[in-house]
Amino acid sequence: MKFYIKHLICFFYLSFITSVYSADIVHKSNIDFIHYKAEITPDFITKSIEGTVEITFSPYVDNLDHLSFSVGAKQVNAVYFLAQKIDFSVEGDLFIVQLPAPLKANKAYSVKIEYKVSETRGLKFYDDHLFTVYHTKNWLISHNKLSDKATFDLSIKHDLTTTAIGNGTLVARKKVSGTQLVSRWKQNTPIPLYTFGFAVGEFEKHSMGTSGVNISVLYRQQIKSNLTADLINKAFADTADMLSFFESKAGFSLEQDYAYVVVDGYMAQEASGFSLVGEKFVHTLLNDKNENWFIAHELAHEWWGNSITSANFSHFWLNEGLVVFMVAAYKQHLFGEEAYRDEIALALKRIQRAVKEKRVAPVAFRKVIEEQDINRTMAYSKGALVFYMLREKLGDKLFWQSLKRYSLTYKGKSVTTQDLKSIFEQVSQVDLTAFFTRWVYGQKIPTIDI
Ligand SMILES: [Zn+2]
């Protein structure tokens, strides 16, 4: 399904030799996935979800005759195109939809798929709550291209005793029987597919009383979680301050309310409009106020990751390294200089451990790499260190101006390392080619005193 343009790769390769490195290579696809509409029913007894997904897409090329998706642990029951049942096949991990006639470029079409999926890597069931885990393709029939954002309309049928949360805004809650209701969530701004998600559970709800964007926390009853409204209020007390800190650095506010869903165990995973955080982390934070990284980290992803998204895994540090750095910057704002330096020193320590274990790689790549090829220490920790070094190099004023310009320019879009470099160069009027070649595209590890 993906269209790899080999001749362009060669072109770029040759141009690297003759000129200054000027572009990052980005995957091309022959389909634009636009919108997903899903209606699902989770079953806590069989630990599965069942339902339909209607996928709206537009081919970039004429004569598209099939679609293919990862099947994983999903079972496909039927596929419809223009309300007619059509053929499909499963070959290895590929689920292939045969379109009845070749499609035209730049027109919107949709297919509707009936499917069922049991608990896999994509779903985590407990007896009183369930939530989705990366990747979306593990629980929803969907494409898996990082830069192809889509809107989402999700209806979840669940027990009246439970609360459901999805992406975007809750637009309807409708009782459908004596024991069940349907909650419908709509995400109208396109988001990366990995940020699609939902949670259902016997949650209590606590509002943090923020102005503008509402932040709420869903958590399990005290008997299960050892958490009370007072403890939640204490643990999440800084969320309003975090929100305004990140808003001021990005230059734009969130467009929808935000929620934390506190789930069993250790978990720190962003979705669009909410995040899943583990009870264990909340208890750690209640014992040590410095352990607030997960609350800040997941919220920061609303700007860097969910809105401004790395075009592919070669530029993953633009999601993660930047967010790790922003957590350090927030700690500096909240606790002072030492907390900032401690956070950066921790990143450096992780890098040094990776060097010792010979796990070294560049922070970003000019070629396209796949998810399994990411070196997480380099993307997260060295990525954060690169932002720290950029700040030291440019000074506070130019650094934060550049970051704001970058954030506003790429709001809702996908980015490459070169996009970031160009904006920082434009704003600062400093040539950063040598800096990026050495510290970002190169494997060199700085020896700095923090
Ligand atoms: Zn992250």
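(A) Geometry of the coordination of the zinc ion. Protein coordination of the zinc ion is provided by His297 (NE2), His301 (NE2), Glu320 (OE) and Glu320 (OE), with donor distances spanning 2.1 to 2.7 Å. One can describe the donor arrangement at the zinc ion as irregular, given that its four donor atoms subtend angles of 52 to 151 degrees at the metal.

(B) Expanded view of the environment of Ala345. Considering the arrangement of structural elements, one finds Ala345 in helix H8 (residues 337–356). Separated by 103 residues in sequence, Ala345 and Ile448 place their C-alpha atoms 9.6 Å apart.

(C) Molecular detail of the pattern of salt bridges. The final tally for this structure, using the stated rule, is 15 salt bridges. The shortest N-O distance in the salt bridge between Glu425 and Lys421 comes to 3.2 Å. One end of the pair, Glu425, and the other, Lys421, are both in helix H11 (residues 417–428), four residues apart, so they sit about a helical turn from each other. Overall, the relative accessible area of 19% leaves Glu425 in the buried class. Overall, Lys421 belongs to the buried group, its relative accessible area being 7%. When salt bridges that share partners are traced, they join Asp127, Asp128, Arg220, Lys224, Asp264 and Glu279 into one network.

(D) Geometry of the side chain of Lys149. Tracing the chain through its elements places Lys149 in the loop between strand E12 (129–132) and strand E13 (150–159). No salt bridge is formed by the buried Lys149; the nearest opposite charge belongs to Asp148, separated by 9.8 Å. A polar contact is formed between the side chain of Lys149 and the side chain of Thr309, at a distance of 2.8 Å. Beyond its immediate chain neighbours, meaning those up to four positions away, Lys149 contacts Phe33, Pro190, Ile191, Pro192, Asn306, Ser307, Ile308, Thr309, Gly412, Lys413 and Ser414.

(E) Region of the structure containing helix H12 (residues 433–440). For H12, every residue scored as buried is listed here: Phe435, Phe436, Trp439 and Val440. Here the buried residues of H12 occupy an arc of 95 degrees about the axis, which is enough to place them on one side. Of the surrounding elements, those touching the buried residues of H12 are helix H9 (376–394) and H11.

(F) Fine view of the pairing of strand E10 (residues 109–118). In E10, alternate side chains face the same way, and those of Tyr109, Val111, Ile113, Tyr115 and Val117 are buried while those of Ser110, Lys112, Glu114, Lys116 and Ser118 on the opposite face are not. Pairing of strand E4 (residues 48–59) with E10 involves ten bridges; the strand directions are antiparallel. Residue Gly51 lies in a different strand from E10, and its bridge partner there is Tyr115. Pairing geometry for strand E6 (residues 74–81) and E10, over seven bridges, is antiparallel. In the strand pairing of E10, Ala78 is matched with Glu114.

(G) Representation of the environment of Ala328. By the element assignment, Ala328 lies in helix H7 (residues 320–335). Judged by its relative accessible area of 1%, Ala328 is buried. For the pair formed by Ala328 and Glu343, sequence separation is 15 residues and the distance between their alpha carbons is 5.5 Å. Ignoring any residue separated from it by four or fewer positions in sequence, one finds Ala328 in contact with Tyr340, Glu343 and Ile344.

(H) Representation of the sheet that holds strand E5 (residues 64–70). In space, the three strands of this open sheet follow the order E5-E9-E8, with antiparallel pairing throughout. The sheet terminates laterally at E5 and strand E8 (88–91), the two strands that pair on one side only. Put simply, the sheet's adjacent strands are angled 25 degrees from each other on average, direction ignored. Where E8 meets strand E9 (residues 94–103), four bridges bridge the pair, whose relative direction is antiparallel. Note on E9: the bridge partner recorded for Ser89 is Ile96.

(I) The nonpolar core, seen in detail. Among the nonpolar cores identified, the biggest contains 83 residues, and Phe236, Phe246, Trp304, Trp317, Phe325 and Tyr406 are the most heavily contacted of them. The two domains that each donate at least three residues to this core are domain 2 (203–298) and domain 3 (311–440). Residues contacting Trp317, with those up to four places away along its chain left out, are Leu322, Val363, Ala364, Ala379, Gly383, Val386, Phe387, Thr417, Leu420, Phe436 and Val440. Phe33, Ile55, Tyr115 and Val117 belong to the second largest nonpolar core, which has 42 residues in total.

(J) A look at empty space enclosed by the protein. Here the structure, examined in full by the defined rule, presents two cavities of 30 Å³ or more. Looking at the largest cavity, its volume works out to about 60 Å³. Together, Phe313, Ser314, Phe316, Trp317, Pro362, Val363, Phe365, Ile369, Ile374, Asn375, Met378 and Ala379 line the largest cavity. Here the lining of the largest cavity is composed, by residue class, of ten nonpolar, two polar and no charged.

(K) Spatial organisation of the layout of surface pockets. The calculated volume of the largest pocket comes to roughly 910 Å³. Of all the secondary structure elements, the ones that give two or more residues to the lining of the largest pocket are strand E21 (268–270), helix H6 (293–300), H7, H8 and H9. Of the residues assigned to the lining of the largest pocket, the class counts are 13 nonpolar, six polar and ten charged.

(L) Layout of unusual backbone geometry. Cis geometry is adopted by the peptide bond preceding His135, which originates at Tyr134 and carries an omega value of 0 degrees. Looking at the secondary structure, you find His135 in the loop between E12 and E13. Positive phi, close to 50 degrees, is recorded for Leu82, a residue that is not glycine. Residue Leu82 is classed as exposed on the basis of its relative accessible area of 68%. A positive phi angle, near 65 degrees, is found at Asn106, a position not held by glycine. With respect to the helices and strands, Asn106 occurs in the loop between E9 and E10.

Definitions and limits used
Residues numbered from 1 in each chain as written. Predicted model: local features only at pLDDT ≥ 70, side-chain atom pairs only at ≥ 80, totals over all residues. Heavy atoms only, no water. Donors = N, O, S within 2.8 Å, 3.2 Å for Na, K, Ca; no water. Tetrahedral: all angles 85-135°; square planar, octahedral: opposite > 155°, others 65-115°. Helix = DSSP H or I, 4+ residues; strand = E, 2+ residues; numbered from the N terminus. Salt bridge = Lys/Arg side-chain N within 4 Å of Asp/Glu carboxyl O. Buried < 20%, exposed > 50% of the residue type's maximum accessible area, 1.4 Å probe, protein only. Lys, Arg positive; Asp, Glu negative; His and termini not counted. Polar contact = N/O pair within 3.5 Å; in protein donor to acceptor, adjacent residues only side chain to side chain. Contact = heavy atoms within 4.5 Å. Arc of directions from axis to C-beta. Pairing = 2+ DSSP bridges. Axes fitted to C-alpha atoms, helices over the stretch in contact; angles between N-to-C directions. Core = buried A, V, L, I, M, F, W, Y, C linked by side-chain atoms within 4.5 Å. Domains from an automatic or database assignment. 1 Å grid on protein atoms, 1.4 Å probe; cavity = no way out; pocket = protein on both sides within 12 Å on 5 of 7 lines; lining within 4 Å. Points joined across faces, edges and corners; volume = space filled by probe spheres on them. Nonpolar A, V, L, I, M, F, W, Y, C, P; charged D, E, K, R; others polar.

Keep in mind these numbers describe shape, not what the thing actually does.
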